[in-house]
Amino acid sequence: MASLNMDFIISVLFLLMITGSVISIAEGRLTTVQETVESTEARLLSEKIANALEVSYSGGEGHEVRIEMPSYIRGSTYKVKVNQSGVLVIIGGRCGYSFSYRKYISNYDQDQYEVLMFPKRNYTIRNVKDDNNHHRVIIFEDL
């Protein structure tokens with residue numbers, strides 16, 4: 001009888017160890033899935049902004065596109081950097097990047113070449129000519 005009880009206790013402990021391991025692995029996989037979804041949504045946002053840049057630029061002088069930035073990406077804050085080479089969305093140490101064909105990018109004052117875009121704000125992306133008669137895409141916040 002004592003031998004049977006000892007076998008039962010060892011079996012239950014072994015079952016608890018296996019169950020704990022499975023739960024730990026499942027939790028790790030769930031975290032990976034959530035991070036992948038965040039990265040995917042960051043990439044989608046970078047593609048949306050890069051597409052707006054291309055549409056504005058290809059539309060010619062005066063063509064503009066308005067874009068609304070989401071408040072959060074999957075409940076996380078994010079940061080967007082736009083420059084001549086593309087759009088970078090940074091979220092939780094991960095990035096989503098979309099290439100943009102080389103063009104001049106600046107803010108409304110045309111004095112910077114990297115523009116930061118922030119959550120919960122609306123922006124206008126416009127194609128203008130600068131003083132040297134070159135096309136430039138300016139990004140400015142709608143007020």
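Residues numbered from 1 in each chain as written. Predicted model: local features only at pLDDT ≥ 70, side-chain atom pairs only at ≥ 80, totals over all residues. Heavy atoms only, no water.

Asker: Whenever I open this one, the side chain of Glu38 confuses me. Can you help?
Answerer: Mapped onto the elements, Glu38 comes out in helix 1 (residues 2-58). Beyond its immediate stretch of four places on either side in the chain, Glu38 contacts Ile73, Arg74, Ser76, Ile91 and Arg94. (Helix = DSSP H or I, 4+ residues; strand = E, 2+ residues; numbered from the N terminus. Contact = heavy atoms within 4.5 Å.)

Asker: How should the side chain of Asn127 be read in this particular structure?
Answerer: Relative to the helices and strands, Asn127 is located in strand 7 (residues 122-129). Owing to a relative accessible area of 1%, Asn127 belongs among the buried residues under this scheme. When neighbours within four sequence positions are excluded, Asn127 is seen to be in contact with Ser56, Tyr57, Gly60, Glu61, Gly62, His63, His135 and Arg136. (Buried < 20%, exposed > 50% of the residue type's maximum accessible area, 1.4 Å probe, protein only.)

Asker: What am I meant to see in the sheet that holds strand 4 (residues 94-99) here?
Answerer: Across a sheet, strands are paired by hydrogen bonds formed along the backbone, either parallel or antiparallel in direction. Taken together, four strands build an open sheet; the order of strands is 4-3-2-6 and the sheet is antiparallel. Every other strand in the sheet has two partners, leaving strand 4 and strand 6 (114-117) as the edge strands with one partner each. Averaged over all neighbouring strand pairs, the angle between strand axes comes to 20°, with direction disregarded. Bridge analysis of strand 2 (residues 79-83) against strand 6 gives four bridges, and the strand direction is antiparallel. (Pairing = 2+ DSSP bridges. Axes fitted to C-alpha atoms, helices over the stretch in contact; angles between N-to-C directions.)

Asker: How should the environment of Thr31 be read in this particular structure?
Answerer: Mapped onto the elements, Thr31 comes out in helix 1. Its relative accessible area of 36% is what places Thr31 among the partly exposed residues. A sequence separation of 30 residues divides Thr31 from Glu61, and the C-alpha atoms of the two residues are 46 Å apart.

Asker: Help me understand the pairing of strand 2, please; the structure alone is not making it clear to me.
Answerer: Consecutive side chains along a regular strand alternate between the two faces of the sheet. The two faces of strand 2 differ: Val80 and Val82 on one face are buried, but Lys79, Lys81 and Asn83 on the other face are not. In this structure, strand 2 lies alongside strand 3 (residues 86-91), joined through five bridges in antiparallel fashion. If you follow Val82 over to strand 3, its bridge partner there is Val87. The hairpin turn running from strand 2 into strand 3, its antiparallel successor, is two residues long.

Keep in mind that these numbers describe shape and distance, not what the molecule does.
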